[in-house]
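# Breakdown of the fold
In case you want the letters, here they are:
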Amino acid sequence: MHRGNPYLSKKPDFARLASRFPDFAQYVTVFEEGFASIDFQDPSALRSLTKCLLKEDWDLDVDLREDRLCPTITNRLDYLLYVLDLEPYLPSSSSSKPIRVLDIGTGATAIYPILLHRLRPNAKITATELDQVSHEHSLSVLTQNSIPTSSIDVLRAPSSGPILFPILDDEVLEWDLTICNPPFFGSEEEIREGQEGKELGAHAAPTAANNELITPGGEVAFVGKMIEESLKIGERCRWYTSLIGKYASLSALVELLRQNKIDNYLLKSIKLSKTTRWILGWSHSSIRIPDVSYSRRVETLAHLNDFTPLQNIARPEEVIPNTSFSRLIPQPNTFTHKPQPAIPIEELRQKVLNILQSISLHYEPIDGDEEGNGVIIEPINNTWSRAARRALARQVGQPDEQGEDDKGNESQKEAQNPMFRVRIRFIPPLTAKDYSSISLDWLEGKDRSLVESLWKFLLNKAELIGKKDHVDSGYRGRLGDGVDTWHRGRGRGTGRSRGRGEGVGRDRNEEDSMNEGRRYGQRKRLA
């Protein structure tokens, strides 16, 4: 569950809800041990619980139809909170503009829009709904709660035509996010197969109508069409996201993204109770999402505007290497390396800054960083490649690979857009036994190879890698997450592909260390 989800620590108190809502009391059973619960296999109990929670926690009056989906509040809220983690990287975050969101297939309760309206009252939300019954009921929910169309506008979707029609129809208006909970299945037979495949049975009774569960071709066809339509829209919508209900769908959808050269995507899993869902998001923008953000404004029911550490945004918290899932996750946008033997942070910082100066790569300090442990780099030209350094050496009349002059490449300095934008951080040790480390966050750009080449150049030139005695100094440390993050599962496996974010463990045995050194030596000789 998302760390900002209020239900992570505040579980529903069935006894208290029963005392406040008499209609709900009939579904509550108090056991001899003193705790109260409901029968989650009873659809009526689920609808009553959802109605109580919407009123108690969100001040929303919602009538739930018996013939339409009863949304689980915790699941819906989790999806919204994960998507809102993208908010600091949206253009609206640096302006006074409210975020603009499209909800595809909003359902009879318009659950995502009304919850998002409570989280972000100024948000401009457009929702679409294909089913006439659900469309009419969603409008009644907005009317009952006095929510104006200027905040939430529900449109009837055409039976045939583009899924993203509100964005496609207006070629000027810019959007921040799309959210979608698509029909997961392609037929009733798929639904039966899914139910039969659950060994322990479903946690809660099914409450959805067939039109909410089934679409031709299933979720792969539905979300695949969204991906194809997004190619026409491009950056006019910053992030497109959708829930994915079946793990088997992920491979085809990620492959479709890669076929269309979309490498700026996110993949997260949501596991509540016995059910796992996934969030797939993609962007045509050059803005990159760091693997780890350091603080976030949490807006919960009880504590607004608190700040707390943020979990990963674009990638899962834990991934087991060499699994099918590890091959689906996006490549890292944050590279970390911990030099061994240890280097004092002052020496580490000076080494790297001297190298940046030697290749005429201008850097700026990070705003608010009084200790000077971070810089921002926006290269105009590639001054770190072998060819660029040879040209610089000839220009200043010095041999290649020796003390490049600060005046190099002056003739190339022209007013043009940066190739990319990165942040380099020098991280002090957390404990007396820990080591200082260096990390690079890719913030903006579309050419991953350029960013990786700069990262590799800095580590090589500063002599921070290549020490045979230390495992994390191997080739994986050049482009990967480093020793401090491997245990959390971030990586693309071990030993299969260079520069894919792999890290290595803290307590590898001596034999593994020797093998790692040999592998690095072989690659160094081949290079």
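Definitions and cut-offs
- Residues numbered from 1 in each chain as written.
- Predicted model: local features only at pLDDT ≥ 70, side-chain atom pairs only at ≥ 80, totals over all residues.
- Heavy atoms only, no water.
- Helix = DSSP H or I, 4+ residues; strand = E, 2+ residues; numbered from the N terminus.
- Polar contact = N/O pair within 3.5 Å; in protein donor to acceptor, adjacent residues only side chain to side chain.
- Contact = heavy atoms within 4.5 Å.
- Buried < 20%, exposed > 50% of the residue type's maximum accessible area, 1.4 Å probe, protein only.
- Pairing = 2+ DSSP bridges.
- Axes fitted to C-alpha atoms, helices over the stretch in contact; angles between N-to-C directions.
- Expected span 1.5 Å × (residues − 1).
- Phe/Tyr/Trp six-rings, centres within 6.5 Å; stacked < 30°, edge-to-face > 60°.
- Lys NZ or Arg CZ within 6 Å of the ring centre and 35° of its normal.
- Salt bridge = Lys/Arg side-chain N within 4 Å of Asp/Glu carboxyl O.

Naming follows an unreviewed UniProt entry, where the protein chain appears as Methyltransferase of Kwoniella mangroviensis CBS 10435.

Before going further, it helps to spend a moment on the environment of His337. If you trace the backbone, His337 turns up in strand β12 (residues 334–337). Between the alpha carbons of His337 and Leu464 there is a distance of 8.4 Å; along the sequence they are 127 residues apart. A distance of 2.9 Å separates a polar atom in the side chain of His337 from the backbone oxygen of Leu464.

Looking now at the side chain of His137. With respect to the helices, strands and loops of the structure, His137 is situated in helix α6 (residues 132–144). Separated by 2.6 Å, the side chain of His137 and the backbone oxygen of Asp63 make a polar contact. Each residue touching His137, except ones within four places of it in the same chain, is listed here: Asp63, Arg65 and Ala108.

Here we come to the pairing of strand β16 (residues 437–444). Among the eight residues of β16, seven are classified as buried, and the element is accordingly described as predominantly covered. Sheet analysis places β12 next to β16, joined by four bridges and oriented antiparallel. If you follow Phe335 over to β16, its bridge partner there is Leu440. Looking at chain direction, strand β15 (residues 421–427) and β16 are connected through seven bridges and run antiparallel. When the sheet's bridge partners are listed, Arg423 is paired in β16 with Asp441.

What follows concerns the environment of Tyr112. Within the element layout of this structure, Tyr112 appears in helix α5 (residues 111–119). The spatial distance from the C-alpha of Tyr112 to the C-alpha of Arg76 is 6.7 Å, given a sequence separation of 36 residues. Apart from the residues lying within four places of it in its own chain, the contact partners of Tyr112 are Arg76, Tyr79, Leu80, Asp103, Ile179, Asn181 and Leu243.

Turning our eyes to something else, we now look at the sheet that holds strand β9 (residues 275–282). Taking strand neighbours across the sheet as the criterion, the seven strands line up as β5-β4-β3-β6-β7-β9-β8 in an open arrangement whose pairing is mixed. Each edge of the open sheet is held by one strand with a lone partner, namely β5 (152–156) and β8 (265–272). With strand direction ignored, the average angle separating the axes of adjacent strands in the sheet is 20°. The pairing of β8 with β9 spans eight bridges and is classified as antiparallel. Along β9, the bridge assignment pairs Tyr265 with Trp282. On the sheet, α5 packs against β3 (100–104), β4 (124–129), β5, β6 (175–180) and β7 (237–244) and is oriented at approximately 170° with respect to β4.

Another point: helix α4 (residues 73–84). Over its twelve residues, α4 extends 16 Å from the first C-alpha to the last, a length consistent with the 16 Å expected when each residue adds 1.5 Å. The inward-facing, buried residues of α4 contact α3 (43–58), α5, β6, β7, β8 and β9.

With that out of the way, let us pick up the packing of aromatic side chains. Applying the stated rule across the entire model yields nine aromatic pairs. Their ring planes at 25° and their centres at 4.8 Å tell us that Phe31 and Phe35 sit as a pair that is stacked. Take Phe35: its relative accessible area is 44%, and that puts it in the partly exposed class. One aromatic cluster is present, built from ring pairs that chain together Phe14, Phe24 and Phe40. Positioned above the aromatic ring of Trp175 is the side chain of Arg100, whose terminal nitrogen or guanidinium carbon lies 5.7 Å from the ring centre.

It is worth spelling out the pattern of salt bridges at this point. A side chain of one charge can pair with a side chain of the opposite charge when the charged atoms of the two come close. Applying the stated criterion to the full structure yields 16 salt bridges. The salt bridge involving Glu317 is made with Arg3; its shortest N-O contact spans 3.8 Å. A residue pair is termed long-range when its members are at least 10 positions apart, and Glu317 in the loop between β11 (306–308) and β12 and Arg3 in the segment before α1 (14–20) qualify at 314 residues. The exposure class of Glu317 is partly exposed, given its relative accessible area of 21%. A salt bridge links Asp263 to Arg288, with the shortest nitrogen-to-oxygen separation between them at 3.1 Å. In this pair, Asp263 is assigned in the loop between α11 (247–259) and β8 and Arg288 in the loop between β9 and β10 (296–298), connecting sequence segments 25 residues apart. Taking relative accessible area as the criterion, Asp263 reaches 32% and is therefore assigned partly exposed.

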